[in-house]
Amino acid sequence: MQQSNRKSLTVLAPGRMNLIGEHIDYNGGFVLPAAIDKFIKIRFERHQQNHCIIHSDRVKTSEKIDLKQLKASKPAWLNYIKGVVYHLNLRRPNQISGFDAWIESNLPIGAGISSSAALECGIAVGLNELFGLKIPKSELIELCMQAEHEFAGTLCGIMDQFSVMMGQQDHLLQLDCKTNKHRLIPAQFGPWQLILLHSKVQHQLAESAYNDRRRSCEQVLNTIQKSIPKYQYLCEIPIEVLTNFKTKINPQDFKRATFAIEENARTLAVVEHLHHLNFEAIGACMLQSHRGLQHQYEVSCSELDFLVDTACQFEGVLGARMMGGGFGGCSLNLVHKERKKAFIEHMHTQYFLHFNRSLEPIEISISDGVKTIKNG
Ligand code: GLA
């Protein structure tokens, strides 16, 4: 058995935001995410028994995982860890012995800022180092995504795991999800600032609705591929080509596919606008993205629509949209720095009046991806 000489270590795994490019990572599109300064911190200690004990400050509990019995079961949050250990084991058999882990977090769960990817990537990077597995980051990213597919049942794309692993302070990642190659773009917003508003709702069935959207996109791609096999991803298909197939595709799938192709074009437009520091145009694209997610892709909800509509009527806001998988979680807002305080107060009041619920403003700055902060 190969052993590193580390007995303990601590990793910091961030959440992520996404400026634009929603639900197109699994369609081979471009996305513009970044790691943020909200983290899960995991301290690992190695031992020789065939189990691990996971202590979590969030759920105030300790759970035992039998390393010989890595199957999905309850509680659901533990499956992210089991899935990663299972896949690390597949790649490097018999190298992971027992360990204990202590998890602390200031990353809200269910906010659409990828607490699950942070947990997966934190565990993957920590164990990779603790046991000297030497698996390259690019493989760890894929492996965490697979773990989420198989152990949590969400057929997610690569965006979350990629941003959590590869994030760079003060930069957005322009990630091409066809090739998994990325380019760094300075996250400069001049006098404007990105603010998240957490709706504090997470509607049921988000997972099955997510998988259902993915299936729609795959069906459209399959239909078109039968006549034009050169297209490997939905986002490669020009909108005019999709339109030619309209009669062969059911209307709901057609609407969803139209969104995906348009969202990809919007993302590339935002890359240009960032280059020219055209913040008004970025704000407009954010709102168009939201309208598409609301009406075409149908992954928004009344709380998020309300937050976006209210924000966009407020003086000093350039644009807003729901962020992440949808059905709850956060809206992302581009707000003038001088209007930040008034904006948050206004949104708070309006949201409470309408839904009798408090929202949670989350101020973010763009940070580095997962890193080891202490070696023992
Ligand atoms: C979730 C998934 C990502 C991505 C987004 C929507 O966060 O994990 O892969 O599809 O939804 O853009």
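See the structure printed just above.
Summarised in this report is the structure supplied together with it. (Residues numbered from 1 in each chain as written. Predicted model: local features only at pLDDT ≥ 70, side-chain atom pairs only at ≥ 80, totals over all residues. Heavy atoms only, no water.)

Here's the deal with the pairing of strand S10 (residues 317-322)
Moving on, step 1. Most of S10 sits inside the fold, with 5 of its 6 residues counted as buried.
Moving on, step 2. In terms of strand pairing, S10 meets strand S11 (residues 328-336) through 5 bridges, oriented antiparallel. Counterpart to Arg-321 in the pairing with S11 is Leu-332.
Moving on, step 3. Connecting the antiparallel pair S10 and S11 is a turn made up of 5 residues, with Gly-324 showing a positive phi of about 90°. (Buried < 20%, exposed > 50% of the residue type's maximum accessible area, 1.4 Å probe, protein only. Helix = DSSP H or I, 4+ residues; strand = E, 2+ residues; numbered from the N terminus. Pairing = 2+ DSSP bridges.)

Digging into helix H1 (residues 78-91)
Moving on, step 1. The end-to-end C-alpha distance of H1 is 20 Å, a good match for the 20 Å that 14 residues give at a rise of 1.5 Å each.
Moving on, step 2. Burial runs high along H1: 11 of the 14 residues are buried.
Moving on, step 3. Turning to H1, its buried residues number three or more, namely Leu-78, Asn-79, Tyr-80, Ile-81, Lys-82, Gly-83, Val-84, Val-85, His-87, Leu-88 and Asn-89.
Moving on, step 4. Where H1 is buried, its residues contact strand S4 (51-56), strand S5 (61-66), strand S6 (99-105), helix H2 (115-130) and helix H3 (137-152). (Expected span 1.5 Å × (residues − 1). Contact = heavy atoms within 4.5 Å.)

Topic: the packing of H1 against H3
Moving on, step 1. It is at 8 Å that the axes of H1 and H3 come closest, and there the two elements cross at 125°. By the angle between their axes, H1 is oblique relative to H3. As H1 packs across H3, the resulting crossing turns out to be right-handed. Counting all contacts with H1, which are made through Asn-79, Tyr-80, Lys-82, Gly-83, Val-84, Tyr-86, His-87, Leu-88 and Arg-91, the residues of H3 involved are Glu-139, Leu-140, Leu-143, Cys-144, Gln-146, Ala-147, Glu-148, Glu-150, Phe-151 and Ala-152. (Axes fitted to C-alpha atoms, helices over the stretch in contact; angles between N-to-C directions. Parallel < 35°, antiparallel > 145°, perpendicular 65-115°, else oblique. Left-handed = near helix turned anticlockwise from the far one by under 90°.)

Examining the sheet that holds strand S12 (residues 360-363)
Moving on, step 1. Strand order in the open sheet formed by 4 strands is S10-S11-S9-S12, with antiparallel pairing between adjacent strands. Bordering the open sheet on either side are S10 and S12, each of which pairs with just one other strand. Recorded for the sheet is a direction-independent mean angle of 25° between the axes of neighbouring strands.
Moving on, step 2. The strands that helix H8 (residues 279-296) touches are strand S9 (192-202), S10 and S11; relative to S10, the one it contacts most, it runs at about 30°.

Quick look at the site of the ligand
Moving on, step 1. The environment of the ligand is formed by Arg-16, Glu-22, His-23, Asp-25, Tyr-26, Cys-156, Gly-157, Met-159, Asp-160, Tyr-210, Gly-324 and Gly-325.
Moving on, step 2. In the model, an oxygen atom of the ligand is placed 2.6 Å from a nitrogen or oxygen of the Glu-22 side chain.
Moving on, step 3. Contact between the ligand and Asp-160: an oxygen atom at 2.7 Å from a side-chain N or O atom of the residue.
Moving on, step 4. For the ligand, whose free accessible area comes to 310 Å², the fraction covered by protein is 93%.
Moving on, step 5. For the ligand, the cavity whose grid points lie within 2 Å of the majority of its atoms is the largest pocket. (Near = heavy atom within 4 Å. Polar contact = N/O pair within 3.5 Å; in protein donor to acceptor, adjacent residues only side chain to side chain. Areas by Shrake-Rupley, 256 points an atom, 1.4 Å probe, with all protein chains shown as cover. 1 Å grid on protein atoms, 1.4 Å probe; cavity = no way out; pocket = protein on both sides within 12 Å on 5 of 7 lines; lining within 4 Å. Sits in = over half its atoms within 2 Å of the grid points.)

Topic: the packing of helix H7 (residues 251-275) against H8
Moving on, step 1. Viewed as axis vectors pointing N to C, H7 and H8 meet at an angle of 170°, and their least axial separation amounts to 10 Å. Viewed along their axes, H7 and H8 adopt a mutual orientation that is roughly antiparallel. In this structure, H7 uses Lys-255, Arg-256, Thr-258, Phe-259, Glu-262, Glu-263, Arg-266, Val-270, His-273 and Leu-274 to contact H8, whose residues at the interface are Ala-281, Ile-282, Cys-285, Gln-288, Ser-289, Gly-292, Leu-293, His-295 and Gln-296.
Moving on, step 2. Looking at the contact of H7 with H8 residue by residue, the class counts come to 7 nonpolar, 7 polar and 5 charged. (Nonpolar A, V, L, I, M, F, W, Y, C, P; charged D, E, K, R; others polar.)

As for the sheet that holds strand S13 (residues 371-375)
Moving on, step 1. Reading across the sheet, the 6 strands line up as S5-S4-S6-S3-S1-S13 and stay open at both edges, with mixed pairing between neighbours. Looking at the sheet topology across the chains shown, the edges are occupied by S5 and S13. Neighbour to neighbour, the strand axes of the sheet diverge by 25° on average, direction disregarded.
Moving on, step 2. For S4 and S6, the ladder comprises 5 bridges, and the chain directions are parallel. Following the sheet pairing, Ile-53 is matched in S6 by Asp-100.
Moving on, step 3. In the packing of H2 onto the sheet, contacts are made with strand S1 (8-18), strand S3 (33-46), S6 and S13, and the angle to S3 comes to roughly 45°.
Moving on, step 4. In the packing of helix H4 (residues 159-166) onto the sheet, the strands contacted are S1 and S3, and the crossing angle to S1 comes to about 125°.

Details of the environment of His-198
Moving on, step 1. Considering the arrangement of structural elements, one finds His-198 in strand S9.
Moving on, step 2. It is 12 Å that separates the C-alpha atoms of His-198 and Met-17, two residues lying 181 residues apart in sequence.
Moving on, step 3. At 3.1 Å, the side chain of His-198 and the backbone nitrogen of Lys-200 are in polar contact.

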